[in-house]
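Summary of the model geometry
The residues making up each chain are set out below.
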Amino acid sequence: MRQYKIAVVPGDGIGPEVASSAVQVLSAVAEKYGFGLSFKEYPAGGCSIDEFGVPLTDETLEGCRASDAVLLGAVGGPKWDKADASIRPEKALLGLRSGLGLYSNLRPALLFPELASASPLKDVSEIDLLIVRELTGGIYFGDHGRFSSADVLSDGQVKGECAFDTESYSTAEIERIVREGFRYAMGRKKKLTLVDKANVLESSRLWREVAERIAPGYPEVSLDFLYVDNCSMQLINRPSTFDVIVTSNMFGDILSDEAGMITGSIGMLPSASLGTPGTPGMYEPVHGSAPDIAGTGKANPLATILSAAMLLRWSLGEEIAADNIERAVKKTLADGFRTVDIAGDGEGVTVLDTVQITQKVLERI
Ligand code: NAD
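Note that the coordinates shown come from a computational prediction; the quantities given were computed from them, not determined experimentally.

Around the ligand there are 21 residues in total, and Val75, Gly288, Ala290, Asp292 and Asn300 lie nearest to it. One of the backbone N or O atoms of Gly77 is found 2.9 Å from an oxygen atom in the ligand. In this structure, Glu284 approaches the ligand through a side-chain N or O atom, which is 3.2 Å from a nitrogen atom. Its free accessible area being 800 Å², the ligand has 68% of it covered by the protein chains. Residues that form the shell around the ligand fall into these classes: nine nonpolar, seven polar and five charged.

What follows is the structure, given as structure tokens:
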């Protein structure tokens, strides 16, 4: 029997609630398709700060490294907002990404027809795009700091305290993520858009040069370039024309939230973070720990359940089981079951809590 080890990092807020739903769904498809899953839980984020004084312990990182894939709920919350920057819960995410070498973040944005009315866009019928975000380089990982400057500005004021953050990318970092973008485009609608700010940023100009060098290896894929400001407009204006977007860490962070929002609910958006083949990928919902609804039963578990489907597909190669989960989620929506965040005006639908909607998905599996 095929056997896989899954590290589960529930995290904080609604993280444990939605992770529990995804674990149940994974167990159900494992039983149905005859493979074995063993789950081991590890703390990270705020709960780890409370217990161990740090957001990510060596034991959690090692446990994740030794697994076939990592399923993460969400980390963070107001309790730790005032913590020193070095022990903030988000440090756990950065530590896991860099510790597992996860340089590529895949965020599909798919509009479920049943939820079209939840989209803030009017008359939207089709959105099916994939944002491929570089995850371990760029401005989030570059040099940053503060210094004092005695420079005098043109209007006579003294500059005083200054802060800086550095965006820097090597050809190798760009090449591996752009190649991934081309490969995903080959398996989809064969259209790749590189998003950058090449009119002002030297690092963006390097991204373009690298993409143009790689493009001849994928003659079937049409490559185009968009400035990030224009892309943010076009995602609203013509979302159905996008297929795969490949971009840097910060631009991808922002655009994937925008792309997610136009599909209706943040509670529906899965994500995968991948490294080199053979290393465990990490799968998590795009949303955060939603402390405002934690413990109320209002958390939508579908993003985490869909992340579990990505885990089966990308890390375990269990494609049929992944399809089964995605079909079960679609059927749950088609049958009129909703959590409150995707219920719209509530007309013609049955509003359920986290546990109940998980049960509907399980029944459809
Ligand atoms: P959030 O995504 O947690 O919540 C934003 C809004 O969406 C809230 O109103 C929330 O109730 C709602 N929401 C989010 N997920 C939902 C779900 N599954 N079902 C129904 N409604 C849902 O973002 P935030 O409020 O900016 O951040 C809260 C905390 O989460 C912060 O501490 C932040 O740092 C952290 N965070 C963590 C991650 C992560 O772990 N990957 C990502 C983003 C934010």
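We are not done yet, so read on.
Tracing the backbone through its elements, the reader meets Ala303 in helix 9 (residues 302-316). Among residues more than four places away in sequence, those in contact with Ala303 are Ile266, Gly267, Met268, Leu269, Pro270, Pro285 and His287.

The next thing to look at is the sheet that holds strand 10 (residues 244-247). Across the sheet, ten strands lie side by side as 2-1-3-12-11-4-5-10-8-9; this open sheet has mixed pairing. Edge positions in the open sheet fall to strand 2 (35-41) and strand 9 (222-227), since each of these has one partner strand only. The average undirected angle you get between the axes of adjacent strands in this sheet is 25 degrees. Of the pairings in the sheet, the one linking strand 1 (residues 2-11) to strand 2 comprises seven bridges and is parallel in character. Looking across to strand 2, one finds that Arg2 is bridged to Phe35. This element, helix 7 (residues 228-237), spans strand 5 (128-134), strand 8 (191-196), strand 9 and strand 10 of the sheet and lies at about 105 degrees to strand 9.

Secondary-structure assignment places Ser289 in the loop between strand 12 (281-285) and helix 9. A distance of 2.7 Å separates a polar side-chain atom of Ser289 from the backbone oxygen of Gly76. In contact with Ser289, other than residues within four places in its own chain, are Asp12, Gly13, Ile14, Ala74, Val75, Gly76 and Gly77.

Attention shifts here to the nonpolar core. By size, the foremost hydrophobic cluster in this structure holds 64 residues, and its most contacted members are Met268, Leu302, Leu312 and Ile325. For this core, the element with the highest residue contribution is helix 9, accounting for nine residues. Both domains that furnish three or more residues to this core are identified here as domain 1 (1-100 + 290-365) and domain 2 (106-141 + 169-279). Apart from the residues within four sequence positions on either side, Leu312 is in contact with Leu26, Val29, Phe35, Gly317, Glu318, Ala321, Ala322 and Ile325.

Reading the values: rules and limits
- Residues numbered from 1 in each chain as written.
- Predicted model: local features only at pLDDT ≥ 70, side-chain atom pairs only at ≥ 80, totals over all residues.
- Heavy atoms only, no water.
- Near = heavy atom within 4 Å.
- Polar contact = N/O pair within 3.5 Å; in protein donor to acceptor, adjacent residues only side chain to side chain.
- Areas by Shrake-Rupley, 256 points an atom, 1.4 Å probe, with all protein chains shown as cover.
- Nonpolar A, V, L, I, M, F, W, Y, C, P; charged D, E, K, R; others polar.
- Helix = DSSP H or I, 4+ residues; strand = E, 2+ residues; numbered from the N terminus.
- Contact = heavy atoms within 4.5 Å.
- Pairing = 2+ DSSP bridges.
- Axes fitted to C-alpha atoms, helices over the stretch in contact; angles between N-to-C directions.
- Core = buried A, V, L, I, M, F, W, Y, C linked by side-chain atoms within 4.5 Å.
- Buried < 20%, exposed > 50% of the residue type's maximum accessible area, 1.4 Å probe, protein only.
- Domains from an automatic or database assignment.

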